[in-house]
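Each chain is listed here by its residues.
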Amino acid sequence: MFDVDWMGLLTREVLRERGAALIAESCAWAVGLSDRPHYRRRSGRVAPSGLTVGERAANGQPLGAEDGRLDLEDARPGSFQDALNMIGPDGRLEAERFDEEVLVPFAAETCRLTGERARATRPADWAELADDLGEDPVDVADVVRAGGWEAPLRIDAEHFVLAALRDVPLIEVEAEGLPLSLVRAAEATTRAAVSAPAPQPDDSLAGALFLARAALDDSGCTVPVPPDEADLLLAALGDAGLEPEEVPVVLPHLPVEEPTITRIEATLADH
């Protein structure tokens, strides 16, 4: 069988070259964490601890959850690693959100760039690799997807970030990421401005939409609702009396981010 390890080595080389960009994206992602309420599990329920994340960090109190990831438990209180091991209002670890929002897309883009480089600089090896994987060498995305380099590279990317930011105080990480965070926010606003307007609700949805809007108002969710609060919103809609089949229909008419809708639909499909 053709030895594909050269491609794996090349992905890691490109990751190292993009290391500064990865750290910058990680810092930008952390912006705003200090201002959020800190949550703990109490008797199996997620509840605010009474302080913000920043207040706990300033007091030298740990941020991480007692049932967090074992490999993150040795964190210095108030550090970036400590923040990754804390839970959000939906009970999910911030490390999971960081993985989905930063590491996964960064690893995917790094693999794509590696594929483009390999096709240009090692055309014969690339063609042989594509043939071995049963893909068209012209389609870099398909070759990369078939090769399966993204998952191990994501782990390498996480190790890279932790090596650089592990013990850095969260407040310093946020300060470093603020400029890029503002750029990302501006880009998101621009994309939202040019997106298609939300569809107008059918009259038959009036009752369900009324309940959904009331549930959103009482849920305490951030508006527009971000992906990490998807479970919180879904629970609020269920408590308000909406049926599972009604939820996907009303979501496009609420101030909810598109990734949040996708996550809620996936949760409903699993049940």
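Owing to the predicted nature of the structure, the values given are computational and were not obtained by experimental measurement.

**Describing the overall build of the protein**
Thinking step 1. Helix and strand counts for the protein come out as 13 helices and two strands.
Thinking step 2. Principal-axis analysis of the C-alpha atoms gives the protein an extent of 60 × 50 × 35 Å.
Thinking step 3. Only carbon and sulfur atoms are counted for the fraction: they give 54% of the accessible area of the protein, which is about 14400 Å².
Thinking step 4. The centroid of the 24 positive side-chain charges in the protein is displaced by 5 Å from the centroid of its 52 negative side-chain charges.

**Brief notes about helix α10 (residues 206–219)**
Residue pairs three or four apart in sequence face the same way in an α-helix, which turns once every 3.6 residues.
Thinking step 1. With 14 residues, α10 ought to run about 20 Å at 1.5 Å a step, and its terminal C-alpha atoms sit 20 Å apart, in line with that.
Thinking step 2. Considered for burial, the residues of α10 that qualify are Ala-208, Leu-209, Ala-212, Ala-215, Leu-216 and Ser-219. Looking straight down α10, one finds that the buried residues subtend no more than 125° of arc, so they occupy a single side. For α10, the exposed residues lying more than 90 degrees away from the buried face are Phe-210, Asp-217 and Asp-218.
Thinking step 3. Where α10 is buried, its residues contact α11 (230–239) and α12 (247–250).
Thinking step 4. Phi turns positive one or two residues past the end of α10, at Gly-220, with a value near 80°.

**Description of the environment of Ala-230**
Thinking step 1. Among the structural elements, Ala-230 can be located in helix α11.
Thinking step 2. Its relative accessible area of 1% is what places Ala-230 among the buried residues.
Thinking step 3. Distance from Ala-230 to Ala-20, taken between C-alpha atoms, is 31 Å for residues 210 residues apart in sequence.
Thinking step 4. Once you skip the residues sitting within four places of it in the chain, Ala-230 turns out to touch Thr-260, Arg-263 and Ile-264.

**Remarks on the pattern of salt bridges**
Thinking step 1. Taken as a whole, this structure holds 18 salt bridges when the rule is applied.
Thinking step 2. The partner of Arg-154 in a salt bridge is Asp-99, with the nearest N and O atoms 2.8 Å apart. Here Arg-154 is found in helix α8 (residues 150–165), whereas its partner Asp-99 is found in helix α5 (residues 94–121), with 55 residues between them in sequence.
Thinking step 3. Its relative accessible area of 19% is what places Asp-99 among the buried residues.
Thinking step 4. For Asp-142, the salt bridge goes to Arg-145, with nearest N and O atoms at 2.6 Å. In this pair, Asp-142 and Arg-145 are both assigned in helix α7 (residues 140–147), three residues apart and thus about one turn of the helix distant.
Thinking step 5. Owing to a relative accessible area of 25%, Asp-142 belongs among the partly exposed residues under this scheme.

**Some points on the packing of helix α1 (residues 5–17) against α8**
Thinking step 1. Two elements in contact, α1 and α8, have axes whose closest approach is 10 Å; the angle formed by their N-to-C orientations is 35°. Handedness of the α1/α8 crossing: right-handed. Here Thr-11, Arg-12 and Leu-15 of α1 lie close against α8, whose contacting residues are Leu-153, Asp-156 and Ala-157.
Thinking step 2. Within the contact of α1 with α8, the residues separate by chemical class into three nonpolar, one polar and two charged.

**Describing the nonpolar core**
Thinking step 1. Counting 43 residues, the largest nonpolar core has Leu-22, Trp-29, Phe-80, Leu-84, Phe-98, Trp-126 and Val-161 as its most contacted members.
Thinking step 2. Going through the elements one at a time, α1, α2 (19–30), α4 (80–84), α5, α6 (123–133), α7, α8 and α9 (170–194) are the ones with two or more residues in this core.
Thinking step 3. With eight residues, the single largest contributor to this core is α5.
Thinking step 4. Ignoring anything within four residues of it in the chain, the contact list for Phe-80 reads Ser-26, Trp-29, Ala-30, Phe-98, Val-161, Leu-165, Arg-166, Val-168, Leu-170 and Val-173.
Thinking step 5. Counting residues in each nonpolar core, the second largest holds 20 residues, with Cys-221, Val-250, Val-256 and Ile-264 among its members.

**With respect to the environment of Asp-239**
Thinking step 1. Checked against the element boundaries, Asp-239 lands in helix α11.
Thinking step 2. Remark: the alpha-carbon pair of Asp-239 and Glu-135, spanning 104 residues in sequence, is separated by 48 Å.

**A closer look at unusual backbone geometry**
Thinking step 1. Note that the residue after Val-223, namely Pro-224, is joined by a cis bond; omega there is -5°.
Thinking step 2. Unusually for a residue other than glycine, Ser-43 sits at a positive phi of about 55°.
Thinking step 3. For Ser-43, the position within the fold is in the loop between β1 (37–42) and β2 (45–52).
Thinking step 4. Judged by its relative accessible area of 81%, Ser-43 falls in the exposed class.

**Some remarks on the packing of aromatic side chains**
Thinking step 1. Tallied over the entire structure, the rule returns two aromatic pairs.
Thinking step 2. One aromatic cluster in this structure is built from Trp-29, Phe-80 and Phe-98.
Thinking step 3. The aromatic ring of Phe-106 is capped on one face by Arg-18, whose charged end is 4.1 Å from the ring centroid.
Thinking step 4. Looking at Arg-122, its charged tip hangs above the ring of Trp-6, at a distance of 4.1 Å from the centre.

Conventions we followed
Residues numbered from 1 in each chain as written. Predicted model: local features only at pLDDT ≥ 70, side-chain atom pairs only at ≥ 80, totals over all residues. Heavy atoms only, no water. Helix = DSSP H or I, 4+ residues; strand = E, 2+ residues; numbered from the N terminus. Areas by Shrake-Rupley, 256 points an atom, 1.4 Å probe, with all protein chains shown as cover. Lys, Arg positive; Asp, Glu negative; His and termini not counted. Charge placed at Lys NZ, Arg CZ, Asp CG, Glu CD. Expected span 1.5 Å × (residues − 1). Buried < 20%, exposed > 50% of the residue type's maximum accessible area, 1.4 Å probe, protein only. Arc of directions from axis to C-beta. Contact = heavy atoms within 4.5 Å. Salt bridge = Lys/Arg side-chain N within 4 Å of Asp/Glu carboxyl O. Axes fitted to C-alpha atoms, helices over the stretch in contact; angles between N-to-C directions. Left-handed = near helix turned anticlockwise from the far one by under 90°. Nonpolar A, V, L, I, M, F, W, Y, C, P; charged D, E, K, R; others polar. Core = buried A, V, L, I, M, F, W, Y, C linked by side-chain atoms within 4.5 Å. Phe/Tyr/Trp six-rings, centres within 6.5 Å; stacked < 30°, edge-to-face > 60°. Lys NZ or Arg CZ within 6 Å of the ring centre and 35° of its normal.

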